[in-house]
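Below, each chain spelled out in residue letters.
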Amino acid sequence: MADSSFDIVSKVDHMEAQNAVNQAQKEIAQRYDFKGVGASIDWSGDEKILLKASAEERVKAVLEVLEAKFIKRGIGIRSLDEGDPYPSGKEYRIEVGLKNGISSEDAKKISKIIRDEGPKSVKSQIQGDELRVQSKSRDDLQSVIALLKGKDLDVALQFVNMR
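Please read these numbers as outputs of a predicted model, since none were measured by experiment.

## Digging into the overall build of the chain
Looking only at helices and strands, the chain has four helices and nine strands in total. Its helices and strands in sequence order give the chain the pattern β-α-β-β-α-β-β-β-α-β-β-α-β, from N to C terminus. Against the compact-globule benchmark of 15 Å for 163 residues, the chain has a radius of gyration of 19 Å, which places it well outside the compact range. A total of 163 residues make up the chain; the buried ones form 39% of that total. A total of about 9200 Å² of accessible surface is found on the chain, and carbon and sulfur atoms cover 47% of it. Averaging the locations of the 27 positively and 28 negatively charged side chains of the chain gives two centres separated by 3 Å.

The structure is reproduced here in structure tokens:
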């Protein structure tokens, strides 16, 4: 019997992110507490979102609205790379980046978890910005997925290509 395998990736669905940003823009335009503070959310390139407001607390509130919309759309907050609020002229800004791919140090960390705590028949292999996990038993692969879902990692993980 051939080995079963799956890939561990960390990718953000760009359409879902676009929808979350659009919903956050609508909410900010309608909410009373954002009237007259110049609050806005815009895309800055393909992978960055720029939040603006007239005060530091307001721009943090805009960030909270954006995070809530991302959660509703099924995108983990760990896939957001939030900067600190900084003044720019008369307004405050926060740049939020989208994290795609697993860094090599995170991949090594995940691979070590699988090696140390997973079933012994499971092998993991780093392939660029993703991780391939193989085993003869599909049950072992399922237990690896459960193990990783239970861990508190700094990366939003998706499990794809189960074969």
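## Some words on empty space enclosed by the protein
Per the counting criterion, the structure on display carries one cavity of 30 Å³ or more. Of the pockets and cavities examined, the largest cavity occupies roughly 40 Å³. Split by residue class, the lining of the largest cavity holds three nonpolar, no polar and three charged.

## Considerations on the environment of Ser103
Checked against the element boundaries, Ser103 lands in the loop between β6 (91-98) and α3 (104-117). Ser103 gets classed as partly exposed once you look at its relative accessible area, which sits at 31%. In terms of polar contacts, Ser103 uses its side chain to reach the side chain of Asp106, at 3.1 Å.

## Focus: the pairing of strand β8 (residues 130-135)
In terms of burial, β8 is a largely internal element, five of the six residues being buried. Relative to β8, strand β1 (residues 4-9) is paired through five bridges, and the arrangement is antiparallel. Opposite Ile8, over in β8, you have Leu131 as the bridge partner. Where strand β7 (residues 123-127) folds back on β8, the antiparallel hairpin that results is connected by two residues, among which Gly128 adopts a positive phi of roughly 70 degrees.

## A few points about the packing of aromatic side chains
Both the distance between ring centres and the angle between the ring planes are used here to describe each pair of aromatic rings. Inspection of every chain in the model, using the stated rule, returns one aromatic pair. Ring geometry for Phe6 against Phe159: centres 5.9 Å apart, planes inclined by 75 degrees, an arrangement best described as edge-to-face. On the criterion of sequence distance, the pair formed by Phe6 in strand β1 and Phe159 in strand β9 (residues 158-160) is long-range, its members being 153 residues apart. Assessed through its relative accessible area of 24%, Phe159 is described here as partly exposed.

## As for the side chain of Asp7
Tracing the sequence through the fold places Asp7 in strand β1. Polar contacts involving the side chain of Asp7 include one to the side chain of Arg132, which spans 2.5 Å.

## Let's talk about the environment of Ile145
With respect to the helices, strands and loops of the structure, Ile145 is situated in helix α4 (residues 138-150). C-alpha separation for the pair Ile145 and Phe6, spaced 139 residues apart in sequence, amounts to 9.6 Å. Setting aside its immediate chain neighbours within four residues, Ile145 contacts Phe6, Phe159 and Met162.

## Points about the nonpolar core
Phe34, Ile41, Ile49, Leu51, Leu66 and Phe70 are the most contacted members of the largest nonpolar core, which has 25 residues in total. Within the residue set of this core, elements represented by two or more residues are α1 (14-30), β3 (48-53), α2 (56-72) and β6. Examining the composition of this core, we find that seven residues originate from one element, α2, more than from any other. When sequence neighbours within four positions are dropped, the list of residues in contact with Ile49 reads Val21, Ile41, Asp42, Trp43, Ser44, Leu66, Phe70, Ile94, Glu95, Val96 and Leu98. Formed by 18 residues, the second largest nonpolar core is a distinct cluster that contains Ile8, Val133, Val144 and Leu148.

Scoring rules and cut-offs
- Residues numbered from 1 in each chain as written.
- Predicted model: local features only at pLDDT ≥ 70, side-chain atom pairs only at ≥ 80, totals over all residues.
- Heavy atoms only, no water.
- Helix = DSSP H or I, 4+ residues; strand = E, 2+ residues; numbered from the N terminus.
- Rg over C-alpha atoms; globule rule 2.2 N^0.38 Å.
- Buried < 20%, exposed > 50% of the residue type's maximum accessible area, 1.4 Å probe, protein only.
- Areas by Shrake-Rupley, 256 points an atom, 1.4 Å probe, with all protein chains shown as cover.
- Lys, Arg positive; Asp, Glu negative; His and termini not counted.
- Charge placed at Lys NZ, Arg CZ, Asp CG, Glu CD.
- 1 Å grid on protein atoms, 1.4 Å probe; cavity = no way out; pocket = protein on both sides within 12 Å on 5 of 7 lines; lining within 4 Å.
- Points joined across faces, edges and corners; volume = space filled by probe spheres on them.
- Nonpolar A, V, L, I, M, F, W, Y, C, P; charged D, E, K, R; others polar.
- Polar contact = N/O pair within 3.5 Å; in protein donor to acceptor, adjacent residues only side chain to side chain.
- Pairing = 2+ DSSP bridges.
- Phe/Tyr/Trp six-rings, centres within 6.5 Å; stacked < 30°, edge-to-face > 60°.
- Contact = heavy atoms within 4.5 Å.
- Core = buried A, V, L, I, M, F, W, Y, C linked by side-chain atoms within 4.5 Å.

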